[in-house]
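So the chains spell out like this:
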Amino acid sequence: MKKLTVLTIIFIMLPFAVFSSELQKAIDSAKEGATILLSDGVYDGPVTINKSLTLRGTGKNVYIRGNKKGSVITVNAGYSTIENIHVSGSGESHESIDSCIYVKDSDGVKVLNNKMSDCLFGVNFEGSNRGLIENNNITSKDFSLGLRGDGIRLWYSHSNIIRRNTMDKIRDMVYWYSSANRIEYNKITNSRYSIHFMYADRNTVTGNFFQNNSVGAFFMYCSGSRLEHNTITSAAGAFGIGIGLKDASDTYISDNLVMYNGRGFYTDQSPNKPGTVNRIRRNKVYYNTIGVQLHGTILPTIYEDNVFLGNIDTIVNDTPNSKLHVNDWNGNYWDEYEGFDRDKNGYGDIPFEYYVYTDRIMQYIPAVKFFYGSPVISILNFLSRLIPFSEPVIIAEDKRPLMRSIIDERDNENKN
């Protein structure tokens, strides 16, 4: 005979303004594994969950409101769930990571379908693995960009799924010392770093939409991560970067739309581990101020089947002694290519070679960019191409440049 497991359910119907002790008392008195159902109303926080249970709102107007001190909901028990609740009113301390939902040393926690506002940080996982953060709407406090908190922050937390969350006017979404996480189909707007990895390996970023942030996706001191099928657009300003790599190795970046950014790609000493290669393929790099900015190249990156279209500067190298020859450019489409395809195989008959002439002065001496687009620089650059008075520098050579016909075929396939 099978043993039946009885699920304890506590249904709370409290008036529209209650003392925090009532909700905390219900949590403390619930049995392990209980589900606490909250009807519409305002429940004063903060509250702490020290046993595995589910805290679920049953209506459309369920609020847990903090007292502007510390975190609103603190979870210290694995396999707990926070669902369908509007959480607000954390403290303002970055030091104590004041959050709407603070999860510490608790595996398997689910944070589902919540709205979080007027909290410094949204969801903070510390030492918490195999959790799920899904379908939440998160904004920070109404502070200046650098003083806001992070929408989702992971610290030493692994194998979590962060999916279909919407974040606006936060500071960053950060993953520090956190590996093997999946970040899927999130939307982040009007923030600083859409997503920032630090010492975080083997993370997968798929299908996200990042717009109007200072930086799209940035990988720092990471290895083995994947970035695929994302849209990263309008990362403008002095530090505007669509996709950035700093000492990042074995990174696979594929099928992303990188458009209207200050710099589409920025690579800084990446890869940096001997025997590793970064692979950047089938990305659409459209209408950026700089398509790819190279800094301190020491080990190879493979650029293949990408489309470079409408960028003001397609490639920039700002480090004179970089080992640019180690990079492999193969089968990319270049809107500046002027060759022919006489054998009709879809690739140009002669290599595409990207040189810099007088404009390399701006790449090595940033202050000269004040004259960017001026008649003086334009004339000097034209003359140096017409009658070179110094040896031009080759930055990239693609021996099989893709022709427009192949791009049109791909676009038609996508439409069908």
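Just so we're clear, the structure is a prediction, and the values are computed from it rather than from any experiment.

What counts and what doesn't
- Residues numbered from 1 in each chain as written.
- Predicted model: local features only at pLDDT ≥ 70, side-chain atom pairs only at ≥ 80, totals over all residues.
- Heavy atoms only, no water.
- Phe/Tyr/Trp six-rings, centres within 6.5 Å; stacked < 30°, edge-to-face > 60°.
- Helix = DSSP H or I, 4+ residues; strand = E, 2+ residues; numbered from the N terminus.
- Buried < 20%, exposed > 50% of the residue type's maximum accessible area, 1.4 Å probe, protein only.
- Pairing = 2+ DSSP bridges.
- Disulfide = S-S within 2.5 Å.
- Salt bridge = Lys/Arg side-chain N within 4 Å of Asp/Glu carboxyl O.
- Axes fitted to C-alpha atoms, helices over the stretch in contact; angles between N-to-C directions.
- Polar contact = N/O pair within 3.5 Å; in protein donor to acceptor, adjacent residues only side chain to side chain.
- pLDDT = per-residue confidence, 0-100.
- Contact = heavy atoms within 4.5 Å.

1. Some points on the packing of aromatic side chains
Point 1. Summed over all chains, the structure comprises 18 aromatic pairs.
Point 2. Consider the rings of Tyr-156 and Tyr-177, whose centres lie 4.7 Å apart with planes at 5°: the pair is stacked. Linking Tyr-156 in the loop between β16 (152–155) and β17 (161–163) with Tyr-177 in the loop between β19 (172–176) and β20 (182–184), this pair joins segments that are 21 residues apart in sequence.
Point 3. A centroid spacing of 4.7 Å and a plane angle of 15° characterise the contact between Phe-308 and Trp-334, whose relative ring orientation is stacked. In this pair, Phe-308 sits in strand β36 (residues 307–309) while Trp-334 sits in strand β39 (residues 333–334), placing the two residues 26 residues apart along the sequence.

2. Side note on the pairing of strand β28 (residues 241–246)
Point 1. The element β28 is largely enclosed, with a buried count of 6 among its 6 residues.
Point 2. Looking at chain direction, strand β25 (residues 215–220) and β28 are connected through 5 bridges and run parallel. Directly across from Ala-217, in β28, lies its bridge partner Ile-243.
Point 3. The sheet contact formed by β28 and strand β31 (residues 263–268) spans 5 bridges and is parallel. Counted as the bridge partner of Ile-241 is Arg-263 from β31.

3. Some thoughts on the state of the cysteines
Point 1. The final tally for this structure, using the stated rule, is 1 disulfide.
Point 2. One disulfide in the model links Cys-100 with Cys-119; its S-S distance is 2.1 Å. An S-S torsion of about 95° defines the bridge between Cys-100 and Cys-119 as right-handed. Of the two residues, Cys-100 is situated in strand β10 (residues 99–104) and Cys-119 in the loop between β12 (115–117) and β13 (121–126); the sequence distance between them amounts to 19 residues.

4. Quick word on the environment of Glu-338
Point 1. Relative to the assigned elements, Glu-338 resides in the loop between β39 and β40 (352–356).
Point 2. For Glu-338 and Ile-350, which are 12 residues apart along the polypeptide, the C-alpha to C-alpha distance reads 9.4 Å.

5. Brief notes about unusual backbone geometry
Point 1. Omega for the bond connecting Gly-45 with Pro-46 falls within 30 degrees of zero, at 5°, which places this linkage in the cis form.
Point 2. One can find Pro-46 in the loop between β3 (41–44) and β4 (47–49).
Point 3. Put simply, Ser-270 and Pro-271 share a cis peptide bond, and its omega is -5°.
Point 4. Within the secondary structure, Pro-271 sits in the loop between β31 and β32 (278–281).
Point 5. A positive phi angle is found at Asp-105, which is not glycine, with a value near 50°.
Point 6. Look at Asp-105 and you get exposed, because its relative accessible area is 55%.
Point 7. We note that Tyr-185 has phi near 60°; this positive angle belongs to a residue other than glycine.

6. Details of the pattern of salt bridges
Point 1. Counted by the stated rule, this structure contains 20 salt bridges.
Point 2. The closest approach of N and O atoms between Arg-130 and Asp-107, which form a salt bridge, is 2.9 Å. Taken together, the residues Arg-130 in the loop between β13 and β14 (132–134) and Asp-107 in the loop between β10 and β11 (110–112) connect sequence positions 23 residues apart.
Point 3. Under the relative-accessibility criterion, Asp-107 is labelled partly exposed at 21%.
Point 4. Residues Arg-163 and Glu-134 are paired through a salt bridge, measuring 3.1 Å at the closest nitrogen-oxygen approach. With Arg-163 in strand β17 and Glu-134 in strand β14, this pair connects stretches of sequence that are 29 residues apart.
Point 5. Through salt bridges with shared partners, a single ionic network connects Glu-134, Arg-163, Arg-182 and Glu-184.

7. Side note on the sheet that holds strand β7 (residues 73–75)
Point 1. Reading across the sheet, the 12 strands line up as β4-β7-β10-β13-β16-β19-β22-β25-β28-β31-β34-β37 and stay open at both edges, with parallel pairing between neighbours. Here the strands that pair on one side only, and so sit at the sheet edges, are β4 and β37 (313–317). Sheet twist, expressed as the average angle between the axes of neighbouring strands with direction ignored, equals 10°.

8. Structural notes on the side chain of Ser-140
Point 1. With respect to the helices, strands and loops of the structure, Ser-140 is situated in the loop between β15 (137–139) and β16.
Point 2. Take Ser-140: its relative accessible area is 10%, and that puts it in the buried class.
Point 3. A polar atom in the side chain of Ser-140 sits 3.5 Å from the backbone oxygen of Cys-119.
Point 4. Among the polar contacts made by the side chain of Ser-140, one reaches the main-chain carbonyl oxygen of Leu-120 at a distance of 2.8 Å.

9. A word on the confidence of the model for the protein chain
Parts of the model with low pLDDT should not have their predicted coordinates read in detail.
Point 1. Taken as a whole, the protein chain shows an average pLDDT of 89; of its residues, 84% reach a score of 70 or greater.
Point 2. Scored below 50 in pLDDT, residues 1–20 makes 36 contacts in the model with residues more than four places away or belonging to other chains.

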